[in-house]
Every structure is written in structure tokens, then in C-alpha cells.
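Residue-level structural notes
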Amino acid sequence: MGTCTASAELNENVTAPFEQAEAMPVAVYTSPDFLELEQSHIFSGSWLCAGRTSSLPTPGDYLTMKIADEPIIVLRDAQGELRAMSNVCRHRMSLLLEGHGHVSVITCPYHAWSYGLDGALRGAPAMDQNKGFCKEKFRLPQIRCVDWQGWIMVTLDPDLPPPHELYADVDRLVGYLHMENYVQTFSEQHRWNTNWKILAENFMESYHLPMCHSGTIGGTTKLREMVCPEGFPAFNYHHILKDDTVPLALAHPGNTVLQGDDRRRTWLLAIYPSLLITLTPGYFWYLSLTPDGVDHVNILYGGGLSPEFMADPQAQEHFTSLKTLLDEVNREDQGCTERVWKGLQSRFAVPGTLSHLERPNYEFARWISQKVGV
């Protein structure tokens, strides 16, 4: 199916009112041409999350990422500021760095051209006999990178409004929890055999919890009590009131600021296109997604604790137990989302009607349609 056909089907799909809405068309997940549209219209023009700012604590600490297949370095520069730049050498276009780590100078592994933490070319061996060579012309291209509420946010779009403007309603909803102060205690990379949108949608709705997570958290889920409010232009959300089954989901006894239901409210935030955050008064965890073809998704998976629990002598013991649970929940989600991908390959795969608990999925589909409209 061609790009235009998939886009037209999606557009027709989202023009129906929510009460009559269906899941997104199959080609939106399976078409390589549609993925090209997503890369150029969504990932190239959005803020993407590279993790928590605390993952780069000192000058020279770096990580690497790709945005729409563009290799990028994110680091702390010599002044301690976050900075992002191209990860491609200005000489023969080799990749410069891989993974994450610490450097004082960025040195190309091919011909040893070296760059400072600001991206300026510092050294170029055996170039002195080239009279036309001018070192000042070979700075690594700079890429926008900001700290938003403790998240490293990066974009290729020079004109995109900053996150504090785009996501102002996030701050209004959950600002009282001060997620910028939460402390990350783990960060991992995963790759699943499913389309990135299938995993994003899976996070956005809790309709699947009783069945998909029957071995873990599903038994405590009360579908009849769930509410999925209308979302905002740049994100959707829903929230759940938790009992004391997972004590870390509640406010720490030492927290005297939170009152009433705010002491036990869990927020699930889907920041478009692909930052998925579960935020509780005691802990947080997140997924940051990038597509790896139509059939795989790269996942940055991390989490940690609120300041009150970080200061608790028993915090690490509690969080170790919680991490075991989160890992098992993730494995269940992997099984469910990979089965959806397999099901989409069937000739009989036809999108079905959405539940009232899948309003966020409908809003996500509308956002994608607006972004890739052709």
C-alpha cells in the first residue's frame, strides 16, 4: 500500500467521532513508506527524550542517539551545560562515538581528527601541507538540546517551540510532584519486535491490564473506575488511584505537602511522539521510543525514586523489589505488543472499534494524521 493511501485511510479513520472510532489502519503500522513519512514529519520535527539529565553528571559524559537515522552526540560540555551535536566526522564522515561514556576530547576512530566538547575541531593530523585547509571551518553541526523537568530533550527542528511552552499543560497537571527532582536509579536499552506505535498505544491505555498483566498487576485493576480525560495537543494522559499494594506508589510518610488523593494518584503521561512516563508520588519509570524499521522499536527504559524515598534508609531495598515487578510487567507488555505485530501480518487483520478506555489512542492517531498529512 502506498504512502498516500495509508495516510488517506488514517485521515478517514480519525474524522469519525470518538464514539465511533476504530483502531488505526493496518498499513499505518506495516508500511515502510508510511514510516518514512513518520521519520521526516514526526521524528525530525519533534522533541525526543535522550533520558534523564542526571545520566550525564559531569563535563565529558556523553551518550549517543539517532533521530530519524541521524547520529547525534549528547554531552556535558566544559561549562557543565547540556549540548548536542552531529556524531559524524567532518573529514571522511565516520561515526565518532558509540554508546555512552566519558571523553575529554572527541577523537575520530578513523583518522584521529579531534573535537572539543563544544564541537570545535582541535586537531587534524597530517593536514599541514594542505594549504587550503582551515580548521575553523570544520566544527561539528550543533543540535538543539534542553533540560525540561529533568529530561534531556533533543530536536532537529531549529524552529520548534521549546518544551516548556509545548508541554505547559504537563506542568500544570503534575507540577505539584516536581518530577525534575526525582532521582534516576536505572537506565537500560531494549529492542522489541513490534512497531513503535503499538508499544506507544499499549502504554496509553489501561484496558489491557487485567488480561495482559494477569500475572502481575492485572488483579488490582478496576476498569469500571478508570477515567480517560480528553488530552492536550502535545500529549495525552490518564490517572489511577492506587492502594497500598505497592507502597512506593504512595507518598512517603515524611511528605507532608501532598494531601488527599494526591498522595496515591498515579499519572500516565504520553508526551508525543514517544516519551511515556508513569509518575507516582514515590517513584517514576519511563520509556523513550524510536523506530527501527516498521517491525522493531528501540526502547530507552529507566526509572527511579522521589527525593523523600531516596532519603529513606530502606529505599533501595524497596526499589529493588519494585524493579523486579516493573521488569516483569515490561516482559508481559513485550509479549502482548509483539503478538499484535504478528497479528497485523494476517490477511484477516481489520481494525476494531475502540473502547471508551482507549480515548488516548484515538487522540494519538489524530495527532499522527495531522503530522503526516499529505
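Residues numbered from 1 in each chain as written. Predicted model: local features only at pLDDT ≥ 70, side-chain atom pairs only at ≥ 80, totals over all residues. Heavy atoms only, no water.

1. A look at the sheet that holds strand β16 (residues 297–305)
Selection criterion: We treat two strands as partners when DSSP finds at least two bridges between them. Starting at the N terminus, helices and strands are each numbered in turn, a helix being any DSSP run of H or I of at least four residues and a strand any DSSP run of E of at least two. The convention used is that axes are lines fitted to C-alpha atoms, helices contributing only their stretch in contact, and that angles between N-to-C directions extend from 0 to 180 degrees.
Spatially, the 6 strands line up as an open sheet ordered β11-β16-β15-β14-β13-β12, and their pairing is antiparallel. Each edge of the open sheet is held by one strand with a lone partner, namely β11 (183–192) and β12 (235–241). The average angle at which neighbouring strand axes cross in this sheet is 15°, direction not considered. Inspection of the sheet shows strand β14 (residues 275–279) paired to strand β15 (residues 283–291) by 5 bridges, in the antiparallel sense. Across the sheet, residue Thr278 finds its bridge partner in β15, namely Trp285.

2. Digging into the packing of aromatic side chains
Convention followed: Aromatic pairs are defined between Phe, Tyr and Trp rings, using the six-membered ring for Trp, whenever the two ring centres lie within 6.5 Å; interplanar angles under 30 degrees are classed as stacked, those over 60 as edge-to-face, and all others as tilted. Two limits define a charge over a ring: the Lys NZ or Arg CZ must be within 6 Å of the ring centre, and within 35 degrees of the ring normal.
Enumeration over the complete set of coordinates arrives at 21 aromatic pairs. Their ring planes at 45° and their centres at 5.4 Å tell us that Phe18 and Tyr362 sit as a pair that is tilted. Here the residue Phe18 occupies a position in the loop between α1 (3–15) and α2 (26–30), and Tyr362 occupies one in helix α10 (residues 359–372), the gap between them amounting to 344 residues. Clustering of aromatic rings is evident, with ring pairs tying together Phe43, Trp196, Tyr272, Phe364 and Trp367. Looking at Arg52, its charged tip hangs above the ring of Trp151, at a distance of 4.5 Å from the centre. Note that Lys323 overlies the ring of Phe186, its terminal NZ or CZ placed 4.6 Å from the centroid.

3. Re the sheet that holds strand β5 (residues 100–102)
Reading across from one edge, β1-β10-β9-β4-β3-β2-β5 is the order of the 7 strands in this open sheet, with antiparallel pairing throughout. Here the strands that pair on one side only, and so sit at the sheet edges, are β1 (48–52) and β5. Averaged over all pairs of adjacent strands, the angle between their axes in this sheet comes to 30°, without regard to strand direction. With 3 bridges connecting them, strand β2 (residues 61–67) and β5 associate as antiparallel partners.

4. Brief notes about the packing of helix α3 (residues 32–41) against α10
What counts is decided by this rule: Should an angle fall under 35 degrees it is taken as roughly parallel, and over 145 as roughly antiparallel, whereas 65 to 115 is taken as roughly perpendicular and any remaining angle as oblique. Contact criterion: two residues are considered in contact whenever any of their non-hydrogen atoms come within 4.5 Å of each other. For this scheme, ten residues count as nonpolar: Ala, Val, Leu, Ile, Met, Phe, Trp, Tyr, Cys and Pro. Four count as charged, namely Asp, Glu, Lys and Arg, and the remainder, Gly too, count as polar.
Packing of α3 against α10 brings their axes to within 9 Å, and their N-to-C directions diverge by 80°. Considering the angle they form, α3 stands roughly perpendicular to α10. Seen from α3, the contacting residues are Phe34, Leu37, Glu38 and His41; seen from α10, they are Ile368, Lys371 and Val372. Tallied by class, the residues present in the contact of α3 with α10 amount to 4 nonpolar, 1 polar and 2 charged.

5. With respect to the nonpolar core
Condition: We define a nonpolar core as any set of buried Ala, Val, Leu, Ile, Met, Phe, Trp, Tyr and Cys residues linked to one another through side-chain atoms lying within 4.5 Å. Three exposure classes are used, based on accessible area relative to the maximum for each residue type with a 1.4 Å probe and protein chains only: buried under 20%, partly exposed in between, and exposed over 50%.
Residues Val74, Ile152, Val154 and Ile368 are the most contacted members of the largest nonpolar core, which totals 63 residues. Within the second largest apolar cluster, 27 residues are counted, among which are Met179, Tyr237, Ile277 and Tyr286.

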